[in-house]
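# Residue-level structural notes
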Amino acid sequence: MTTTEKASPRERLLDAAGELFYTEGVSIGVEALCRAAGVSKRSMYQLFDSKEAVLAASLERRVPWYESQFSLPDPQAATPRERIMNVFEVLEKASVEPGYHGCPYLAVLVELKDPEHPAREVARTVKRRLEALFRAEAEQGGAHDPALLARQLVLVFDGASARAGSGVERLDDGLATKTAAALLDAAGVG
């Protein structure tokens, strides 16, 4: 979008939703969302069936950006181990940035209790894709049990993200990468 173009009401709603739901949580009200987006409630309901639909759409919209953060510039030049370790290095770097609140997809899974909520499905899909990425890399790297290793790596990723996002843990000492490296070593991924 060029600077001379104005964002559409839909784009403003999705931008505001992405920011507010990440910083304030999914319980943010429709009025606050519409105010932040500069969109009337009527317009919001003309564009989306519900606040839940806005949340799901805002999460879906961010998936390509979120997943691209974990890719190396030239992934083919890296080993499976290096590609896995990059995910944890990115996590550690992000975790010390101002305004870091953890993985937005994990937060949605924790905050929303309704298993049928459309945003939960988006978040579950992102988490499944991360596990599939770890599993594929583990298989290429010769892991003894790629499925188990993938589950362990997601557990470390989510745990580190949640602890850093809540301010309980700092990751700038390499804790997440050291833990991931230990799991890779134990699984036989060189």
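Everything in this summary refers to the structure shown in the same document. (Residues numbered from 1 in each chain as written. Predicted model: local features only at pLDDT ≥ 70, side-chain atom pairs only at ≥ 80, totals over all residues. Heavy atoms only, no water.)

## Describing the packing of aromatic side chains
Put simply, the test is: Aromatic contacts are taken between Phe, Tyr and Trp rings whose centres are within 6.5 Å, Trp giving its six-membered ring; a plane angle under 30 degrees counts as stacked, one over 60 as edge-to-face, and the others as tilted. Secondary structure elements are taken from DSSP: a helix is a run of H or I of four residues or more, a strand is a run of E of two residues or more, and numbering for both begins at the N terminus. Accessibility here uses a 1.4 Å probe with only protein chains present; expressed as a share of the type maximum, an area under 20% marks a residue as buried, one over 50% as exposed, and anything in between as partly exposed. Working rule: Lys NZ or Arg CZ, within 6 Å of ring centre, within 35 degrees of ring normal, means a charge sits over the ring.
This model, assessed by the stated rule, comprises 5 aromatic pairs. On the basis of an interplanar angle of 80 degrees and a centroid distance of 5.7 Å, the ring pair of Phe70 and Phe157 is categorised as edge-to-face. Here the residue Phe70 occupies a position in the loop between α4 (51-68) and α5 (80-95), and Phe157 occupies one in helix α8 (residues 146-165), the gap between them amounting to 87 residues. The same class applies to Phe70 as to Phe157, namely buried. Ring centres of Phe88 and Phe134 lie 5.7 Å apart, and the angle between their planes is 10 degrees; this geometry places the pair in the stacked category. Of this pair, Phe88 sits in helix α5 while Phe134 is found in helix α7 (residues 118-140), placing the two residues 46 residues apart along the sequence. For the pair Phe88 and Phe134, one class covers both residues: buried. Pairwise contacts between aromatic rings join Tyr66, Phe70, Phe88, Tyr105, Phe134 and Phe157 into one cluster. Geometry around Tyr22 places Arg62 over its ring, the cationic atom sitting 5.9 Å from the centre.

## A closer look at the layout of surface pockets
We apply this condition: Definitions used throughout: a 1 Å grid over protein atoms alone; a cavity as a set of points that fits a 1.4 Å probe which cannot get out; a pocket as an open set with protein on both sides within 12 Å along at least five of seven lines; a lining residue as one with an atom within 4 Å of a point. Grid points are joined across faces, edges and corners, and a volume is the space filled by probe spheres set on the points. Charged means Asp, Glu, Lys or Arg here, nonpolar means Ala, Val, Leu, Ile, Met, Phe, Trp, Tyr, Cys or Pro, and polar covers whatever is left, Gly included.
When its volume is computed, the largest pocket comes out at roughly 350 Å³. Lining the largest pocket are 21 residues, and of these Tyr22, Trp65, Gln69, Tyr100 and Gly102 sit closest to its centre. When contributions to the lining of the largest pocket are tallied by element, the ones reaching two or more residues are α1 (9-24), α4, α5 and α8. For the lining of the largest pocket, the leading source of residues is α1, giving 4 residues. The class makeup of the residues in the lining of the largest pocket is 12 nonpolar, 6 polar and 3 charged.

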